Amino acid sequence: MASYIRLRQICLVAPHLEPVISHIAEIMGLNVCYRDGNVAKYGLENALLPVDTILLEVVAPIQQGTAAGRFLDKTGGRGGYMAIFCCDDPDERGRHAREMGVRIANVIDHAPYHGVQLHPRDCRAAFIEFNHTAGSDDILGPYPPAGPEWQKSIRKDVTQVLTAVEMESPGPRQLAEHWGKIIGIPVGESKGREPELRLPNCVFRFVPGESDSMSALTFRIGDVAKVREAAKSRGYAVSGNSFVLGGVTFHLS
């Protein structure tokens, strides 16, 4: 399998876009770069915020019977919805997934963008998507889902980078091995001996939990105390350097 792969985007799902998206922007010091009208055909609305070169997206159902709505019902609103990776050949990775028994749920072909989404039931925990934008292997290059000028919305004065994604499972090592096989990355270990998948721009850590879920995101922050106070002022319960927003735990480091 081709070796080029990076985390491109994390997608959260919420019952309503507001106030989740505005609270993330205000607390974390991020800017909305785009709202994609194309997701309306899936019964959704969305907004994206760049965290350095990784996009943080929130989607919300605007009609009954959506996949996002079923996800909310199934999880009780807890857990991230989708992990999206850019690579050189999404179709090759889709074929590899099918050979593992992981179904393809959707193919998105809006030139120059091509994406292959895998079935969340087979992936476990969340959707996995592989995509490629023709003519742009530059991490700061064009990325149509984030809008034509997403790079201009990058802010680093408060939140500097998304460093880690936390995955919970009753069998964290088995889930790590499953995702590692799908993505094509060998399972390593953190300093705490937890299984992890290390990408060039982010690490996925796998920890014990009651069910399979994308449970937390870790951000490097310039002034942690300032962000903690911003979360408290908007009514979020802060425990240590963490709080829950948009169905996942935000860890500040």
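One structure accompanies this document, and this report is about it. Bear in mind the structure is a predicted one, so any value in this text is a computation, not a measurement.

**Brief notes about the overall build of the protein**
For step 1, the next point in the chain: A count of helices and strands for the protein gives six helices and 14 strands.
For step 2, the next point in the chain: Taken over the C-alpha trace, the protein has a radius of gyration of 17 Å; the compact-globule value for 253 residues is 18 Å, and the two agree within 12%.
For step 3, the next point in the chain: Principal-axis analysis of the C-alpha atoms places the extent of the protein at approximately 50 × 40 × 40 Å.
For step 4, the next point in the chain: Taking all 253 residues of the protein together, the buried fraction comes to 55%.
For step 5, the next point in the chain: Looking at the protein alone, contacts between residues at least 24 apart form 66% of all its contacts between residues at least 6 apart.
For step 6, the next point in the chain: Put simply, the protein shows about 11,100 Å² of open surface, and 49% of that area lies on carbon and sulfur atoms.
For step 7, the next point in the chain: Of the charged side chains in the protein, 27 are positive and 29 negative; the average position of the first set lies 3 Å away from that of the second.

**Quick notes on the state of the cysteines**
For step 1, the next point in the chain: A full pass over the atoms with the stated rule returns zero disulfides.
For step 2, the next point in the chain: Unpaired in this structure, Cys87 has its nearest cysteine sulfur neighbour in Cys86, at a distance of 7.3 Å.
For step 3, the next point in the chain: The thiol of Cys123 is unpaired, and the distance to the nearest cysteine sulfur, on Cys87, comes to 14 Å.
For step 4, the next point in the chain: Owing to a relative accessible area of 0%, Cys123 belongs among the buried residues under this scheme.

**With respect to the packing of aromatic side chains**
For step 1, the next point in the chain: Scanning the entire structure with this criterion turns up nine aromatic pairs.
For step 2, the next point in the chain: For the pair Phe85 and Phe130, a centre-to-centre distance of 6.1 Å together with 40° between the ring planes defines the contact as tilted. Here Phe130 lies in strand E7 (residues 127-133) and Phe85 lies in strand E4 (residues 82-87), a separation of 45 residues in the sequence.
For step 3, the next point in the chain: An angle of 40° between the planes, with centres 5.7 Å apart, marks the rings of Phe85 and Phe204 as tilted. Within this pair, whereas Phe85 is found in strand E4, its partner Phe204 is found in strand E11 (residues 203-208), the two being separated by 119 residues in sequence.
For step 4, the next point in the chain: Phe85 gets classed as buried once you look at its relative accessible area, which sits at 0%.
For step 5, the next point in the chain: Judged by its relative accessible area of 0%, Phe204 is buried.
For step 6, the next point in the chain: Of the aromatic side chains, those joined through ring pairs into one cluster are Phe85, Phe130, Trp179 and Phe204.
For step 7, the next point in the chain: Directly above the ring of Tyr143 sits Arg8, whose terminal nitrogen or CZ lies 4.6 Å from the centroid.

What counts and how
Residues numbered from 1 in each chain as written. Predicted model: local features only at pLDDT ≥ 70, side-chain atom pairs only at ≥ 80, totals over all residues. Heavy atoms only, no water. Helix = DSSP H or I, 4+ residues; strand = E, 2+ residues; numbered from the N terminus. Rg over C-alpha atoms; globule rule 2.2 N^0.38 Å. Buried < 20%, exposed > 50% of the residue type's maximum accessible area, 1.4 Å probe, protein only. Contact = heavy atoms within 4.5 Å. Areas by Shrake-Rupley, 256 points an atom, 1.4 Å probe, with all protein chains shown as cover. Lys, Arg positive; Asp, Glu negative; His and termini not counted. Charge placed at Lys NZ, Arg CZ, Asp CG, Glu CD. Disulfide = S-S within 2.5 Å. Phe/Tyr/Trp six-rings, centres within 6.5 Å; stacked < 30°, edge-to-face > 60°. Lys NZ or Arg CZ within 6 Å of the ring centre and 35° of its normal.

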